[in-house]
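# Chains, contacts and geometry: an overview
For reference, the chains in residue letters:
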Amino acid sequence: MPATREMNGSTCSVEIEDESISDWGSPHFTNMEHEEGPSEQVKRDPDEDHGAHFNFAYFGDGDSKEATLQTRSGSIPNTKSLKDLGRQERRRIISKSGDCNTQLYRVSDKNRRLMQDVFTTMVDMQWRYVFLAFIASFIVSWFGFGVIWWFMSYVHGDYLLENINNSTFVPCILANKNFASAFLFSQETQHTIGYGSRQTTEECPEAIILQCIQSIVGVLIQACMAGVVFAKLARPKCRTNTVVFSKNAVITMRNGGLFLVFRVGNMRRSHLLEAHVRAQLVQKVTTDEGEIIHFHQEELKVGTQLSGEDDRALLLWPIFIAHPIDEESPLWRMSPQDIQNSNFEIIVVLEGIVEPTGNTTQARTSYLPQEILWGYRFDNLVSYARKQGVYAIDCSSIDQTVPDNTP
């Protein structure tokens, strides 16, 4: 049964025939109702709310009467279009910003699986948890070794009053009077601070061994935590914020054939190397045997050439990405009204290598049927500025469309 639920941020919708999820506001449980029996509560991880969200989409066969976001006479949305936009955002699998609106449930041995790849798990964590782990790793090690140093000195008798007043007594650690002194010595040893007052003596061989062990552990903790922070900072995830897709796709006539066209541009002066683009159409299909595949992913042939071939992209300026609507296209035999009444989502992915870092990044977006404009084409946004001697690119016009004579 189809269901939708609005959440903070980007959302999507999915249909499951025999079960539905309700009571999303519950912090720890999700109710799943089955047709065969009573409902059951599924425990979910509260931390999952900070990631992508799971909602319900419906790619059915029913007729959709939702209006397009933009009217045919212009690009200013009306009140009904704004309401439709809210509905569309709840239905998306991939949001316009590229977030994947799915969430995993009933993952067996989830914690064990995540801890087996602890480095990736920490890199994927939010910054506040990374900082918490960073701070906790040092405090726990300081305190743990401080307890060991205190216990070693206590067993050796360094805290006995008669030994403190005995000028010939040699303690394990000089200037060690109580647990606070042992804790400070633990910090100084792990970070090689060396203020000069506290130091180990040759009286306790076990103290020399412990000092070596703590020095090694301290280096390992610093290396691991610095590696996590560096890997998290170096991730090219935010690079996708400067890759811009057009809000709408258009269907236009080119050299006697119909093409689905959208536009993508790079908003940085640094280039994306080896960039290429791909697209998939996600919809509900039924096989000849009666099997219903609710979210079938069908690859679309897209390219940067007029013929819709060659998926490699050179993003010197915002370029056109075209999909030929021919006999092999799932959009073949669809009229403008059929497209508007259809239930599908076109997912677009642009991959490339970030020039300054050499990391691979992936920018994503999607188009719903209501965001496809039939009989329109994108306006030109590149002109030559004679005074400056450069090609001027009007990035504010990346979404600008003009009507054409497409039948």
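Right above here is the structure, for reference.
Below, the structure is looked at part by part. (Residues numbered from 1 in each chain as written. Predicted model: local features only at pLDDT ≥ 70, side-chain atom pairs only at ≥ 80, totals over all residues. Heavy atoms only, no water.)

## Quick word on the pattern of salt bridges
Test applied: Within this document, salt bridges are pairs made up of a side-chain nitrogen of Lys or Arg and a carboxyl oxygen of Asp or Glu, the two lying within 4 Å of each other. Helix and strand labels come from DSSP, where a helix needs a run of H or I of at least four residues and a strand needs a run of E of at least two; each type is numbered from the N terminus. Working definition: with a 1.4 Å probe on protein chains only, accessible area under 20% of the residue-type maximum means buried, over 50% means exposed, and in between means partly exposed.
Evaluation of the coordinates by the stated rule reveals seven salt bridges. Where E371 meets R92, a salt bridge forms, and the shortest distance between an N and an O atom there is 2.0 Å. Linking E371 in the loop between β12 (360–367) and β13 (372–374) with R92 in the loop between α1 (79–91) and α2 (110–116), this pair joins segments that are 279 residues apart in sequence. For R92, a relative accessible area of 0% puts it in the buried group. Of the charged contacts, one joins R235 and D124 as a salt bridge, the two residues approaching to 3.6 Å between their closest N and O atoms.

## Side note on the state of the cysteines
For clarity, the threshold we go by: Cysteine sulfur atoms that pair up within 2.5 Å are treated as a disulfide.
Across all of its chains, the model carries one disulfide by this definition. In this model, C172 is linked to C204 through a disulfide, with the two sulfur atoms separated by 1.7 Å. Here the disulfide of C172 and C204 is left-handed, its torsion about the S-S bond being about -65°. Placement of the pair is C172 in the loop between α5 (161–164) and α6 (179–190) and C204 in the loop between α6 and α7 (205–234), with a sequence separation of 32 residues. Using a relative accessible area of 1% as the deciding quantity, one classes C204 as buried.

## Quick word on the layout of surface pockets
What counts, and what does not: Cavities and pockets are found on a 1 Å grid laid over the protein atoms alone: a cavity is a set of points where a 1.4 Å probe fits but cannot escape, a pocket is an open set with protein on both sides within 12 Å along at least five of seven lines, and a lining residue has an atom within 4 Å of such a point. Grid points are joined across faces, edges and corners, and a volume is the space filled by probe spheres set on the points. All amino acids are sorted into three groups, where Ala, Val, Leu, Ile, Met, Phe, Trp, Tyr, Cys and Pro are nonpolar, Asp, Glu, Lys and Arg are charged, and the leftover types, Gly among them, are polar.
If you add up the space inside the second largest pocket, you get close to 330 Å³. The class makeup of the residues in the lining of the second largest pocket is eight nonpolar, one polar and two charged.

## Examining helix α4 (residues 127–156)
Residue pairs spaced three or four apart in an α-helix point in one direction, given the helix's 3.6 residues per turn. Cut-off, in case you're wondering: Expected span, for any helix, means 1.5 Å times one less than how many residues it has. By the convention used here, residues are in contact when the closest approach between their heavy atoms is within 4.5 Å.
The terminal C-alpha atoms of α4 lie 44 Å apart, and with 30 residues this matches the ideal 44 Å at 1.5 Å per residue to within 8%. Taken residue by residue, α4 has V130, F138, S141, W142, F145, G146, W149, M152 and S153 as its buried positions. Looking at the packing, one finds that the buried side of α4 touches α3 (118–124), α6 and α7. Where α4 terminates, the next one or two residues include G157, which has phi positive at roughly 85°.

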